[in-house]
Amino acid sequence: MAVLQPAPVASNPNGRRIITFGTFDLFHMGHVNILRRAKALGDWLIVGVSSDELNDRKKGHKPYFSIEERLAIIGDSRAVDEVFVEDALELKGDYIQQYRADVLVMGDDWAGRFDQFAPLCEVVYLPRTPEISSTQIVTVVRAGSSAA
Ligand code: C2G
């Protein structure tokens, strides 16, 4: 069977620096796509991974994978150059400055929500990949296991 080799992803910390944020639980193609497209906008991709407690506050439950596991999974993505823990949504401006980001990238489910950071960096919302989400995976797996 032929194995597809992913295209090389060039990195340069001194080039255009991209930052994005998310929980990235149950890592799936929607996550792969946004990370690839975010990296394609520049030379260095930094990902703020929501802490377990932040996800609990945002979504009312802890993620399936712990922060340590999600940092390892996302950090191993070829598109990603640097990962850190995002502790609070309110710290976004601080993270943008601390990591010297030129561009903030988010999925368009967040469209307009981070426009206040436009004085600090360019703000880009990319279209979400349709028909896939961590919530949907949980729903389908639960339905499958209860039907068995
Ligand atoms: N995403 C996507 N397509 C999907 C699912 C997710 O493009 N089908 C994107 C989201 O828009 C987001 C990123 O993948 O930009 C991570 O998604 P989540 O893990 O759901 O993260 P979220 O809860 O949106 O956290 O500070 C902001 C938050 O931490 C973002």
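In this text the structure is predicted, and so the values were computed from the model without any measurement.

**Details of the overall build of the protein**
Next up, step 1: Along the protein, the regular secondary structure elements total 5 helices and 5 strands.
Next up, step 2: Start at the N end of the protein and walk to the C end: the helices and strands fall as β-α-β-α-α-β-α-β-β-α.
Next up, step 3: Over its C-alpha trace the protein gives a radius of gyration of 16 Å, about what one expects of a compact globule, namely 15 Å for 148 residues.
Next up, step 4: C-alpha extents for the protein along the principal axes are approximately 50 × 45 × 25 Å.

**Quick look at the pairing of strand 1 (residues 17-22)**
Next up, step 1: Most of strand 1 sits out of view: 6 of its 6 residues are buried.
Next up, step 2: Burial of strand 1 is two-sided: the residues Arg17, Ile19 and Phe21 facing one way and the residues Ile18, Thr20 and Gly22 facing the other way are all buried.
Next up, step 3: Regarding the hand of the β-α-β motif, the stretch spanning strand 1, helix 1 (residues 29-40) and strand 2 (residues 44-50) is right-handed.
Next up, step 4: Of the pairings in the sheet, the one linking strand 1 to strand 4 (residues 103-107) comprises 3 bridges and is parallel in character. Residue pairing across strands places Ile18 opposite Val103, the latter belonging to strand 4.

**Here we look at the site of the ligand**
Next up, step 1: By nearness alone, 18 residues border the ligand, and Phe21, Gly22, Thr23, Gly30 and Gly107 come closest of all.
Next up, step 2: Only strand 1, helix 1 and strand 4 provide two or more residues apiece to the shell around the ligand.
Next up, step 3: For the shell around the ligand, the class distribution of residues is 6 nonpolar, 8 polar and 4 charged.

**Some points on helix 1**
Next up, step 1: Between the first and last C-alpha of helix 1 there are 16 Å, a value that for 12 residues agrees with the 16 Å anticipated at 1.5 Å per step.
Next up, step 2: What helix 1 keeps buried is the set His31, Ile34, Leu35, Ala38 and Lys39. The buried side chains of helix 1 occupy one side of the element, clustering within an arc of 130 degrees when seen end-on. Across helix 1 from its buried face, at more than 90 degrees, point the exposed residues Met29 and Ala40.
Next up, step 3: Turning to helix 1, the residues buried within the fold contact strand 1, strand 2, strand 4 and strand 5 (122-126).

**Considerations on the nonpolar core**
Next up, step 1: Ile18, Leu45, Ile46, Ala101 and Leu104 are the most contacted members of the largest nonpolar core, which has 23 residues in total.
Next up, step 2: Of all the secondary structure elements, the ones that give two or more residues to this core are strand 1, helix 1, strand 2 and strand 4.
Next up, step 3: By residue number, the principal contributor to this core is strand 2, which donates 5 residues.
Next up, step 4: In this structure, Ile18 is in contact with Ala38, Lys39, Leu41, Gly42, Trp44, Leu45, Ile46, Ala101, Val103 and Val105, ignoring residues within four places of it in sequence.

**Observations concerning the sheet that holds strand 3 (residues 82-86)**
Next up, step 1: If you walk across this open sheet you meet the 5 strands as 3-2-1-4-5, and the pairing is parallel. Two strands close off the open sheet at either side, each with one partner strand: strand 3 and strand 5. Strand after strand, the sheet turns through a mean of 25 degrees between neighbouring axes, direction not considered.
Next up, step 2: The pairing of strand 2 with strand 3 spans 5 bridges and is parallel. Each residue of the ladder has a partner; that of Val49, found in strand 3, is Val85.
Next up, step 3: Relative to the sheet, helix 3 (residues 67-75) contacts strand 2 and strand 3, its axis offset from that of strand 2 by approximately 160 degrees.

What counts, and at which threshold
- Think of each chain on its own: its residues are numbered from 1, step by step along the sequence as written.
- Per-residue local features are limited, in this predicted model, to residues with pLDDT of at least 70; the limit for side-chain atom pairs, both in listing and counting, is 80 or more; totals at the level of whole chains, interfaces and linings are taken over all residues.
- A run of H or I in DSSP counts as a helix once it spans at least four residues, and a run of E counts as a strand once it spans at least two, with each numbered from the N terminus.
- Within these notes, the globule rule equals 2.2 Å times the number of residues to the 0.38 power, and the radius of gyration is based on C-alpha atoms.
- Counting other C-beta atoms within 10 Å of a residue's own tells you its class, since 20 or more makes it buried, 12 or fewer makes it exposed, and anything in between is partly exposed; those C-beta atoms are placed from the backbone.
- The path from the first strand over the helix to the second decides the hand: if it runs clockwise while the strands point away from the viewer, the crossover is right-handed.
- Should DSSP find at least two bridges between two strands, the strands are taken to pair.
- Throughout this description, a residue near a molecule or strand is one whose C-beta atom, derived from the backbone, lies within 6 Å of it.
- Put simply, Ala, Val, Leu, Ile, Met, Phe, Trp, Tyr, Cys and Pro go in the nonpolar bin, Asp, Glu, Lys and Arg in the charged bin, and everything else, Gly too, in the polar bin.
- Any helix carries an expected span of 1.5 Å times its number of residues minus one.
- Picture the helix axis, draw a direction to every C-beta atom, and the arc is the one those directions span.
- Residue pairs qualify as contacts under a 7 Å threshold applied to their C-beta atoms, which are placed from the backbone.
- Each nonpolar core consists of buried Ala, Val, Leu, Ile, Met, Phe, Trp, Tyr and Cys residues. Their C-beta atoms, within 7 Å, join them into a set.
- Note on definitions: angles span 0 to 180 degrees between N-to-C directions of axes, and those axes are lines fitted to C-alpha atoms, for helices only across the stretch in contact.

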